[in-house]
Amino acid sequence: MTRPTKRQAWKALEKHYAMMRQVRMRDLFNNDPQRFDRFSLQVGELFLDYSKNIVIDKTMNKLMDLARASNVEDWRAKMFAGEKINFTENRAVLHVALRNRANTPVMVDGEDVMPKVNAVLERMKRFSEAVREGLWLGYTGKRITDVVNLGVGGSDLGPKMVCEALGSYARLDLRAHFVSNVAPSDIVSTLKKVDPETTLFIVASKTFTTQETLANAHTARRWFLEHAKDEAHVARHFVAVSTNAEAVRAFGIDTENMFEFWDWVGGRYSLWSAIGLSIAVHVGFEHFEQLLEGAHAMDQHFLHAPLEQNMPVILAMLGIWYTNFFGAETHAVLPYGTRLRSLPAYLQQADMESNGKSIDRDSRWVEHATGPILWGGHGTNGQHAFFELLHQGTRLVPCDFIVAANTHNPVGHQHAALVSHMLAQTRVLMWGRTLAEVELEMREQGADVATIRKLAPHKVIPGNKPSNSLLMRDHTPYTLGMLIALYEHKIFTQGIVWRINSFDQWGVELGKQMANSILPRLLADEPVTEYDGSTNGLIGRVKSMMHP
Ligand code: G6Q
C-alpha cells in the first residue's frame, strides 16, 4: 500500500512548503481583508478561527487533497458502521454509538448495539437520580454526599475533566473525588475527607484487572468495613463500571450494581459510556445527556460535512501541516478559564496514546512523524509560566486557544479580562514585534542609542506563530460534548492519514505487565538478576532503602 510520503498529494505539499516557509502571516492579513471570514467556520455552538495559520487557499486545498487521497471519508464511514478498524485487537471503534441520539441501528457482528447502549443509559439515569434525590441511601440511612471514582487513565481522566468542567452544574452537597494513582497518598488523603456512611465508591475499570484501581478499591473497601463492620453494607457503597463481570463478582461487587460497557469502547474514548457514571451523579443525568447531544452533533458534522468545511478535518490537516512539513514536535492546548484546567491532560492521553505510534497499517515502520507531544495548561495562568517559550523560544509550537464568551460566575469585567488576555496572546504570537518597532518605541520613551542597541534585540517578538481559536457563547455540557468530539475526530483523521492504528496501546499494556512482574521481586528477599543491569541495580538499591 502507498506510504503517505509517496502520495502525490504529500509531494505537492512538500513543494508548497518550500514556498510557504518564507511567508509571514502579517503580510497575509495585510493583503487580504477577507482572511478572517475565509478561514473561519461555525459549527453548531462552536466557532473556529484558523486564519492565524501559515496557510493560503492553495495550502488548504492541498491538505484536503491529502486527506482525500488517504481515504479519510471511507475510513470515517467504516468507523461509524462498526467495522473492526482497531485491527490489532480485532475490535470495532464505536464511542460514537454511545452518543447516537438519533438511535439509528449500529451493527457489530450482526447485532444492533443500540438497545444495550440505551439500557445502560437508562440504568445510569435511574441510579444517578436515586442517589441525587436521596432514595439511594448509605448503610445508616443517610444521603450520599461524596462520590469517589476509583479508576486510572481512560477510566479517570475523562470523568474527572468533565466533572471539573461542569462544576457550575454540580450540587454543592454532592461532591466528586477522583483517585487514580497507586501511590497511597492519593487514596489516603481522599478517605480523610469523606465519611463512610455517606460515601459512594465507583470502581471504574474496563478490564477490572488494572493494578492501581484494584489496589485502591481494596483499600477503600477495607476502610469502609472498618467502619461499617458488615459485608452486607458493601452493596450500598460500592458499584462497578466494567466490561468484565466475572472480575467484578470476584472483587465482591454484586453484578446487580455493575454498569456495563463493551470492548468496542476504547478506554480513552469511554467517558460517554457508563465510565461517565460519576458525571451523571455529580452534575445530573440531564446534563450528562446534553454532553452526549453535543458530541452527537459534532459526530453528524464530521460524518456529513465536506472535508473543506469539516472542523475536525481542518484541525487535523493543519496539525499535519506543522508536524510533517514544518517539523513541529509539539502542540499546545490552551483553554482559558479554570473549569477547563484538566482539558490539556485529558487531550494529552486522547492524542498521545492514540497517535503515538510508529508501525503502519501494513505492519511496517512509518517513514514520517506521527502524533505530536500534546501539552498545555489553562490561561491566564500559563501566561505567567511557560508562554515565554511560545513567544521567544526557538521552537515552533502550534497552539489551540479555547474560550467561552460568557461565564457562569460573572464578576465585574473579570471574564472580559480573561477573554482579552486570550485574544492578546493569539495576536502577539502571530503579529510579533519587529526590531524597527521596538527601536521606535524605545526612542519615543527617551532611551539613548547605546541602550537601544543593547536591549532592543531582546524585546523583538518573532511572531508568525500559528494558532487556532475556538469560541463558544457559553460553557455548557452541550458545547463541552462538541469540543471533546471535535478533538476525537481530529485525532482519528490524523491517524488515518498517517496510516496507524489510533485505537490500540501496546506500550501501555507492556508497562502494566512489567510492573506486575517487578512487584513480587521487589517484595522478595532474593537479589534480582533477570533484568538489565540498570533495572536490577535499581531494584537492589530501592530494596536496601526500603529495608535498611
Ligand atoms: C486507554 C488506556 C488506559 C486505560 C487504563 C485503565 O485507552 O488503555 O489509559 O484506560 O489503563 O484501564 P482499565 O479501565 O482497564 O482499568
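Our structure is the block above this text.
Residues numbered from 1 in each chain as written. Predicted model: local features only at pLDDT ≥ 70, side-chain atom pairs only at ≥ 80, totals over all residues. Heavy atoms only, no water.

### Concerning the site of the ligand
Close to the ligand lie 14 residues, the nearest being S155, S205, T207, T210 and Q349. In this structure, S155 approaches the ligand through a side-chain N or O atom, which is 2.6 Å from an oxygen atom. One nitrogen or oxygen atom from the side chain of E353 is found 2.9 Å from an oxygen atom belonging to the ligand. A majority-of-atoms criterion places the ligand in the largest pocket. Partitioning the shell around the ligand into residue classes produces one nonpolar, nine polar and four charged. (Near = heavy atom within 4 Å. Polar contact = N/O pair within 3.5 Å; in protein donor to acceptor, adjacent residues only side chain to side chain. 1 Å grid on protein atoms, 1.4 Å probe; cavity = no way out; pocket = protein on both sides within 12 Å on 5 of 7 lines; lining within 4 Å. Sits in = over half its atoms within 2 Å of the grid points. Nonpolar A, V, L, I, M, F, W, Y, C, P; charged D, E, K, R; others polar.)

### Describing the pattern of salt bridges
Here the structure, examined in full by the defined rule, presents 32 salt bridges. When the shortest N-O distance is used, the salt bridge between D32 and R38 registers 2.1 Å. Judged by its relative accessible area of 16%, D32 falls in the buried class. One salt bridge in this structure joins E231 and R221, with 3.1 Å as the shortest N-O distance. With E231 in the loop between α10 (211-228) and α11 (234-237) and R221 in helix α10, this residue pair connects regions lying ten residues apart in the sequence. (Salt bridge = Lys/Arg side-chain N within 4 Å of Asp/Glu carboxyl O. Buried < 20%, exposed > 50% of the residue type's maximum accessible area, 1.4 Å probe, protein only. Helix = DSSP H or I, 4+ residues; strand = E, 2+ residues; numbered from the N terminus.)

### Side note on empty space enclosed by the protein
Summed over the entire model, instances satisfying the criterion amount to three cavities of 30 Å³ or more. When its volume is computed, the largest cavity comes out at roughly 80 Å³. Surrounding the largest cavity, W75, I85, F87, R361, F492, I496, I500, N501, S502 and F503 form its lining. Here the residues of the lining of the largest cavity are counted per class, giving seven nonpolar, two polar and one charged. (Points joined across faces, edges and corners; volume = space filled by probe spheres on them.)

### Quick notes on the layout of surface pockets
Roughly 650 Å³ of internal volume is contained in the largest pocket. Together, 33 residues line the largest pocket, and G267, Q505, V508, E509 and K512 are the ones closest to its centre. Those elements that provide at least two residues to the lining of the largest pocket are α10, α16 (343-355) and α22 (506-523). If you tally residues by element for the lining of the largest pocket, the top one is α22, at three residues. Broken down by class, the residue content of the lining of the largest pocket amounts to ten nonpolar, 13 polar and ten charged. Roughly 420 Å³ of volume is contained in the second largest pocket.

### So, helix α23 (residues 533-546)
With 14 residues, α23 should cover 20 Å at 1.5 Å per step; its first-to-last C-alpha distance of 20 Å lies within 8% of that length. Those residues of α23 that fall on the buried side of the exposure criterion are N536, I539 and K543. Taken end-on, α23 shows its buried residues confined to a sector of 60 degrees, consistent with a single buried face. Away from the buried face of α23 by more than 90 degrees, exposed residues G533, L538, R541 and M545 are located. (Expected span 1.5 Å × (residues − 1). Arc of directions from axis to C-beta.)

### Topic: the packing of aromatic side chains
Any aromatic ring pair is given by two values, namely how distant the centres are and how the planes are angled relative to each other. Under the counting rule described, the total for this entry stands at 25 aromatic pairs. Through a chain of ring-to-ring contacts, three or more aromatic side chains come together here, namely W10, Y17, W321, Y322, F325 and F326. In this structure, R76 packs its charged tip against the face of F302, placed 5.7 Å from the ring centre. Over the face of the ring belonging to F251 we find R221, whose NZ or CZ atom lies 5.6 Å from the ring centre. (Phe/Tyr/Trp six-rings, centres within 6.5 Å; stacked < 30°, edge-to-face > 60°. Lys NZ or Arg CZ within 6 Å of the ring centre and 35° of its normal.)

### Description of the side chain of R76
In this structure, R76 sits in helix α5 (residues 72-80). For R76, which is buried and forms no salt bridge, the nearest opposite charge comes from E73, at a distance of 4.7 Å. Looking at R76, its side chain comes within polar contact range of the main-chain oxygen of L303, at 3.4 Å. (Lys, Arg positive; Asp, Glu negative; His and termini not counted.)

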